[in-house]
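Listed below are the residues making up each chain.
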Amino acid sequence: MLQAASVQILDRTQILSKLRELELGVSELGQPLPEQGHIVEAALAAIGDAATQRRYSPRRPTCCLN
């Protein structure tokens, strides 16, 4: 007979930590090093740029507007 699996209730922070560990193989990322500042700035600029550009937002279908 199978034993019942234990259930662990996690809060939001613990869930995100577990997902990060599964995705990246590390539980804590830590702060970026000073020499990585330009990488962080470039990533934030790219994310912000995509969020404000029209070509990245979904369009309404035109097939049924008539």
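These numbers come from a predicted model, not from an experiment.

### Overview of the overall build of the chain
Next up, step 1: Looking only at helices and strands, the chain has two helices and zero strands in total.
Next up, step 2: When burial is assessed residue by residue, the chain has 2% of its 66 residues classed as buried.
Next up, step 3: Carbon and sulfur atoms make up 58% of the accessible area of the chain, which totals about 6,900 Å².

### Focus: a nonpolar patch on the surface
Next up, step 1: A surface patch of nonpolar side chains, amounting to about 400 Å² of accessible area, comprises Ile15, Leu16, Leu19 and Leu22.
Next up, step 2: Along the chain, the position of Ile15 falls in helix α1 (residues 12-24).

### Re the side chain of Ser17
Next up, step 1: If you trace the backbone, Ser17 turns up in helix α1.
Next up, step 2: Apart from residues lying up to four places away in sequence, Ser17 is in contact with Ser27 and Glu28.

### Concerning α1
Next up, step 1: Between its terminal C-alpha atoms α1 stretches 18 Å, which fits the 18 Å expected from 13 residues at 1.5 Å a residue.
Next up, step 2: Measuring from the backbone nitrogen of Thr13 back to the side-chain oxygen at the start of α1 gives 3.2 Å, which picks out Asp11 as the cap.
Next up, step 3: The first or second residue beyond α1 is Gly25, which carries a positive phi of 80 degrees.

Criteria and cut-off values
- Residues numbered from 1 in each chain as written.
- Predicted model: local features only at pLDDT ≥ 70, side-chain atom pairs only at ≥ 80, totals over all residues.
- Heavy atoms only, no water.
- Helix = DSSP H or I, 4+ residues; strand = E, 2+ residues; numbered from the N terminus.
- Buried < 20%, exposed > 50% of the residue type's maximum accessible area, 1.4 Å probe, protein only.
- Areas by Shrake-Rupley, 256 points an atom, 1.4 Å probe, with all protein chains shown as cover.
- Patch = residues over 30% accessible without salt bridge, like charges linked within 9 Å, V, L, I, M, F, W, Y side chains within 5 Å.
- Salt bridge = Lys/Arg side-chain N within 4 Å of Asp/Glu carboxyl O.
- Contact = heavy atoms within 4.5 Å.
- Expected span 1.5 Å × (residues − 1).
- Polar contact = N/O pair within 3.5 Å; in protein donor to acceptor, adjacent residues only side chain to side chain.

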